[in-house]
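Okay, here's what each chain looks like letter by letter:
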Amino acid sequence: MVCSVSICAGEIFELKAELNSDKKEKKKEAVKKVIASMTVGKDVSALFPDVVNCMQTDNLELKKLVYLYLMNYAKSQPDMAIMAVNTFVKDCEDANPLIRALAVRTMGCIRVDKITEYLCEPLRKCLKDEDPYVRKTAAVCVAKLHDINAQLVEDQGFLDTLKDLISDSNPMVVANAVAALSEIAESHPNSNLLDLNPQSINKLLTALNECTEWGQIFILDCLANYTPRDDRESQSICERVTPRLSHANSAVVLSAVKVLMKFMEMLPKDLDYYGTLLKKLAPPLVTLLSAEPELQYVALRNINLIVQKRPEILKHEMKVFFVKYNDPIYVKLEKLDIMIRLASQANIAQVLAELKEYATEVDVDFVRKAVRAIGRCAIKVEQSAERCVSTLLDLIQTKVNYVVQEAIVVIKDIFRKYPNKYESVIATLCENLDSLDEPEARAAMIWIVGEYAERIDNADELLESFLEGFHDESTQVQLQLLTAIVKLFLKKPTETQELVQQVLSLATQDSDNPDLRDRGYIYWRLLSTDPVAAKEVVLAEKPLISEETDLIEPTLLEELICHIGTLASVYHKPPSAFVEGSRGVMHKRLPARTGSGESTESPDVGTAAGGSAPEAAPSIIPSQGDLLGDLLNLDMAPPTTTGPPPPNTGMQMGGMDLLGGGLDSLVGISHSMGAGFGAAPAVMPASLNAPVGGGLGDLFDLGGGVGMPMGAYIPPKTVWLPAMKAKGLEISGTFARRAGVIQMELILTNKAMSVMTDFAIQFNRNSFGLAPAGPLQVLTPLGPNQTIEVSLPLSTVGPVMKMDPLNNLQVAVKNNIDVFYFSCQYPISMLFVEDGKMERQVFLATWKDIPNDNESQFQIKDCHLNSDAASSKLQGSNIFTIAKRTVEGQDMLYMSIKLSNGIWVLAELRVQAGNPNYTISLKCRAPEVSQCVFQCYEAVLKN
């Protein structure tokens, strides 16, 4: 809001007189003065009627100035703004197309509810105007009007007119229609306004070649939301989009890259065109790096995502990411990150020489990152590790304080990746002990001394020197020092007993830090009760660190690839993380690669819908706040048998039980572990006996016979835990419901060289209280290269905690080797119970009783069943048809579902003969389950 500055009455009087002058030039000069005053914040709203009177003119410049004034003050003077309506109507029929367009543009900018309904008729005429300039302006006006009054736009049929404009002969009209529909669709994610099909896609691609650069961006962004039917259509679109890569506007280039990156997912990798496309993508991305620094940074952030998804695109372009002396720091750091991602055995010598040069720069932050980068190279490319260590030692010899400290931090990571290989450098590191003043470097050095205490003669003296100022150290250093001295004691118990007692006393009695105290007490109890167990815990063999710890999680990376060229790709966060009011934002996903002609037109449906995409296996990385990542966070206690669980009226939102099984669960898991314990949800619908009124009552007069139900849908088995993540144990499986019992069907394969025994399983808390109903029955040892199938019955009386997504299940499997964690998604259809068929009158009353805000609408595409076949198929999965009626050739099925926790879902399925797209409306008192239920409908009907 512009701050208001007072304007004297005399000045207002003079301007009023000039505005009412008969001379056109004097009138125009007066309006210019008014606009000038308005621009600097002076309040000239008192002149509103006089300025509006000046609208009656043929002078285009004067008309523009008056419209500018009107847009600024209409909101504060809505009653006066109505005076301008007649002029708008008149100007929309002017012979000059520029004036018609100006009128419709101004109409869209006046955000006053009172006058919007008066503007509908002029807007309708302009949408069908003979001049394309007027039509393209009117298309954008519809989007603006929708923002003010969405219901009015829908009632007036403007959305249908916009859809018709996609077939317009003028490319700019097409581009603006697409932009307007995309904007409206963003605020209504489930509205399916842009119902794209091969014919409309062909029209958009034709317009793409002829419209302006911003029009091209709108069309390319729209194309990116389309999922081709098969790889042939995908290749055809890619061929027509590829010329946009050579456009001068970087936004057009990035939008084209986004489309190609998405559609490449559907191309077979052995296709010749696939290789050609990879080669064509590199030059435009390299060209973006010759722009100004700000554009370079945006390009680099997008390239970072592309390199993580498809490093082969830029694997031969390493040199363009070498840092220039005059690059800003933000560009330097981003280039450095991409260099590491592209580092390979072929170019590592070149990269290391460059990084060593960077380590002598004057910019401290950049030097630190360069030294860290050398360490990342060593971890990523094993063949280069020795050369990297040699380079780091050379840098330590420079005695530059911050270089030495970063080098020590990095060498610690190299030791963890390649144990017992480069320990000869420890002596050099110990020489620099006195110069370390940063917590991270001190902690790294302490870790090295503790880990290799048996190879360092004076390890106790070195650690004792750190202990002198224990309370002045940071928490990070204190924790590391405590662990290091305990390691030293376990390796040299006779010499260091006094030292370990001193550090345990400092940690437990003299410290206020709860983390430090807890760790101190655990060590103390371990050492005092069972030193052998302490040795096994503290000196256990550590897992090798991963070569790429900073990769973006795969599902998030896929979503960000779909947002290339937007803020999401710069922040590396999904739009829902930073866009206000983004509750309705649809998460985008890359399509599944397929060589067949089967449809994959619902990119937003994850594998939970039926696991139809073989490459979209459930993520192994725990996504629910990393709750599975730590054994301490998972209650692995044996099942309790102390009676029935207490009733619970909703989903618990609490955290996890820490040390749920006491200290015993820290060192082992009971072999008899089975179902968890906790409260079962009992969310029942509100009164279903509401009085039945008229209106919808006649829906149920026409009963529809339903055929015999088919079998329940069971998703195909997918790999949940790959062998490489679980020391040779591979777990794949699916979920099924048979005779009212939920079963988790597992295939366990031993790809290791040793026998596996003592299997047990436990679930984390989840949305519907799923828990094993008994132990995992693996009765015989699982030998190398053996496979066994196990069916685990599940109950729904386990502990409840709302997950995201709702059907996410986090699982821990234990055997004689280790405990392994994975997460998977179950189809919510296995929770649909057999007594879910509602009485018709109860259905009607419940449908009326549930608020309209709880209704969700979805589209099921490419389904070629008639209504009876669909009803029969759905009944096999406990989705019951209550009634059926036919209206104007469209079958309408009314259905009910009851979940195991008592939640009811009501559905209306519309099936049009000859139309492969169904529309489904879902109503539920817990609307968050609607998306999962829709996924089940789609999976059942399509399989």
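Coordinates for the structure precede this section.
Residues numbered from 1 in each chain as written. Predicted model: local features only at pLDDT ≥ 70, side-chain atom pairs only at ≥ 80, totals over all residues. Heavy atoms only, no water.

Undergrad: Explain the sheet that holds strand 5 (residues 741-750) to me, please; I cannot follow it from the model alone.
TA: Through backbone hydrogen bonds, the strands of a sheet pair up, either in parallel or in antiparallel fashion. Pairing in this open sheet of five strands is antiparallel, and the strands run 3-4-5-8-7 from one edge to the other. Both outer strands of the open sheet, strand 3 (718-721) and strand 7 (771-772), are each paired with one neighbouring strand and no more. Of the pairings in the sheet, the one linking strand 3 to strand 4 (residues 729-738) comprises three bridges and is antiparallel in character. Note that in strand 4 the partner of Leu721 across the bridge is Ile731. (Pairing = 2+ DSSP bridges. Helix = DSSP H or I, 4+ residues; strand = E, 2+ residues; numbered from the N terminus.)

Undergrad: Sorry if this is basic, but what is going on with the nonpolar core here?
TA: In a soluble, globular protein the nonpolar side chains are often hidden away together inside. Of all hydrophobic cores here, the largest spans 210 residues; its most connected members are Tyr69, Leu123, Leu355 and Phe415. When we break this core down by domain, the ones giving at least three residues each are domain 1 (343-435) and domain 2 (438-529). Setting aside chain neighbours within four positions, we find Phe415 in contact with Tyr422, Glu423, Val425, Ile426, Leu429, Trp447, Ile448 and Tyr452. Residues Phe759, Ile828, Phe858 and Ile897 belong to the second largest nonpolar core, which totals 65 residues. (Core = buried A, V, L, I, M, F, W, Y, C linked by side-chain atoms within 4.5 Å. Buried < 20%, exposed > 50% of the residue type's maximum accessible area, 1.4 Å probe, protein only. Domains from an automatic or database assignment. Contact = heavy atoms within 4.5 Å.)

Undergrad: Sorry if this is basic, but what is going on with the packing of aromatic side chains here?
TA: If you walk through the whole model with that rule in mind, you get 12 aromatic pairs. Residues Trp720 and Phe822 carry aromatic rings whose centres are separated by 6.0 Å and whose planes lie at 20° to one another, so their mutual orientation is stacked. Separated by 102 residues along the polypeptide, Trp720 in strand 3 and Phe822 in strand 10 (residues 819-825) bring together distant segments of the chain. The burial state of Trp720 is the same as that of Phe822; both residues are buried. Taking the centre distance of 6.4 Å and the plane angle of 80° together, the rings of Phe843 and Tyr894 count as edge-to-face. Residue Phe843 is located in helix 35 (residues 840-849), and its partner Tyr894 is located in strand 13 (residues 890-898); the two are separated by 51 residues in the primary sequence. Note on accessibility: Phe843 and Tyr894 belong to one class, buried. Taken together, the aromatic side chains of Trp720, Phe735, Phe822 and Tyr826 make up a single cluster linked through ring pairs. The positively charged end of Lys332 is found above the aromatic ring belonging to Phe366, 5.2 Å away from the centroid. (Phe/Tyr/Trp six-rings, centres within 6.5 Å; stacked < 30°, edge-to-face > 60°. Lys NZ or Arg CZ within 6 Å of the ring centre and 35° of its normal.)

Undergrad: Looking at this structure, I do not really get unusual backbone geometry. What am I missing?
TA: One can expect most non-glycine residues to show negative phi and most peptide bonds to be in trans. The omega torsion across Asp804 and Pro805 is 0°, close enough to zero to call that bond cis. With respect to the secondary-structure elements, Pro805 resides in the loop between strand 8 (787-795) and strand 9 (808-814). Phi is positive for Asn785, which is not a glycine, with a value near 65°. By secondary structure assignment, the location of Asn785 is in the loop between strand 7 and strand 8.

Undergrad: Honestly, a negative patch on the surface in this entry has me stumped. Any pointers?
TA: A cluster of acidic side chains, namely Glu461, Glu464, Glu468 and Glu498, defines a negative patch on the protein surface. Considering the arrangement of structural elements, one finds Glu461 in helix 27 (residues 459-467). Given a relative accessible area of 54%, Glu461 falls into the exposed group. (Patch = residues over 30% accessible without salt bridge, like charges linked within 9 Å, V, L, I, M, F, W, Y side chains within 5 Å. Areas by Shrake-Rupley, 256 points an atom, 1.4 Å probe, with all protein chains shown as cover. Salt bridge = Lys/Arg side-chain N within 4 Å of Asp/Glu carboxyl O. Lys, Arg positive; Asp, Glu negative; His and termini not counted. Charge placed at Lys NZ, Arg CZ, Asp CG, Glu CD.)

Undergrad: Help me understand the packing of helix 19 (residues 293-309) against helix 20 (residues 329-342), please; the structure alone is not making it clear to me.
TA: For any two helices packed against each other, the geometry is given by the interaxial angle and the distance between the axes. Where helix 19 meets helix 20, the axes come as close as 10 Å, and the angle between the chain directions of the two elements is 20°. Considering the angle they form, helix 19 stands roughly parallel to helix 20. Judged by the sense of rotation from one axis to the other, the crossing of helix 19 with helix 20 is left-handed. Contacts between helix 19 and helix 20 involve Pro293, Glu294, Gln296, Tyr297, Leu300, Arg301, Ile303, Asn304, Val307 and Gln308 from the former and Tyr330, Val331, Glu334, Lys335, Asp337, Ile338, Arg341 and Leu342 from the latter. (Axes fitted to C-alpha atoms, helices over the stretch in contact; angles between N-to-C directions. Parallel < 35°, antiparallel > 145°, perpendicular 65-115°, else oblique. Left-handed = near helix turned anticlockwise from the far one by under 90°.)

Undergrad: What's the story with the packing of helix 10 (residues 132-148) against helix 13 (residues 171-187) in this structure? I'm lost.
TA: Between helix 10 and helix 13, the least distance of the axes is 8 Å, while the angle of their chain directions is 5°. With respect to helix 13, the axis of helix 10 lies roughly parallel. Residue-level inspection shows Pro132, Arg135, Lys136, Thr137, Ala139, Val140, Val142, Ala143 and His146 of helix 10 in contact with helix 13, the latter providing Met172, Val173, Asn176, Ala177, Ala180, Ile184 and Ser187.

Undergrad: Would you explain the pattern of salt bridges in this entry?
TA: Opposite charge on two side chains permits pairing when their charged atoms draw close. Applying the stated criterion across every chain yields a total of 34 salt bridges. Across the pair Asp394 and Lys356 runs a salt bridge whose closest N-O atoms are separated by 3.2 Å. Placement of Asp394 in helix 23 (residues 385-397) and of Lys356 in helix 21 (residues 348-358) is noted, with a sequence separation of 38 residues between them. Here Glu834 and Arg737 are joined by a salt bridge, their closest N and O atoms 3.0 Å apart. A residue pair is termed long-range when its members are at least 10 positions apart, and Glu834 in the loop between strand 10 and helix 35 and Arg737 in strand 4 qualify at 97 residues.

Undergrad: How do you make sense of the pairing of strand 5 when you look at a structure like this?
TA: If a strand is regular, its side chains alternate between the two faces of the sheet. In terms of burial, strand 5 is largely enclosed, as nine of its 10 residues are buried. Of the pairings in the sheet, the one linking strand 4 to strand 5 comprises 10 bridges and is antiparallel in character. Across the sheet, Arg737 pairs through a bridge with Ile742, a residue of strand 5. Hairpin connection from strand 4 to strand 5: two residues lie between these consecutive antiparallel strands, with Ala739 at a positive phi of about 50°. Pairing of strand 5 with strand 8, which is carried by eight bridges, proceeds in the antiparallel orientation. Residue pairing in the sheet places Leu746 in a bridge with Val790 of strand 8.

Undergrad: Just to check I follow, could you spell out the sheet that holds strand 14 (residues 904-912) for this structure?
TA: One open sheet holds the five strands; their spatial order is 11-15-14-13-12, and the pairing between them is antiparallel. Whereas interior strands pair on both sides, the edge strands pair on one side only; in this sheet they are strand 11 (855-860) and strand 12 (880-887). With direction set aside, neighbouring strand axes in the sheet form an average angle of 20°. The pairing of strand 11 with strand 15 (residues 918-924) spans six bridges and is classified as antiparallel. By the bridge assignment, Ile860 is partnered in strand 15 with Tyr918. Of the strands in this sheet, strand 11, strand 12, strand 13, strand 14 and strand 15 touch helix 35, which is tilted by about 95° from strand 14. Packing of helix 36 (residues 867-875) onto the sheet brings it into contact with strand 12, strand 13 and strand 14, and relative to strand 13 it is tilted by some 5°.

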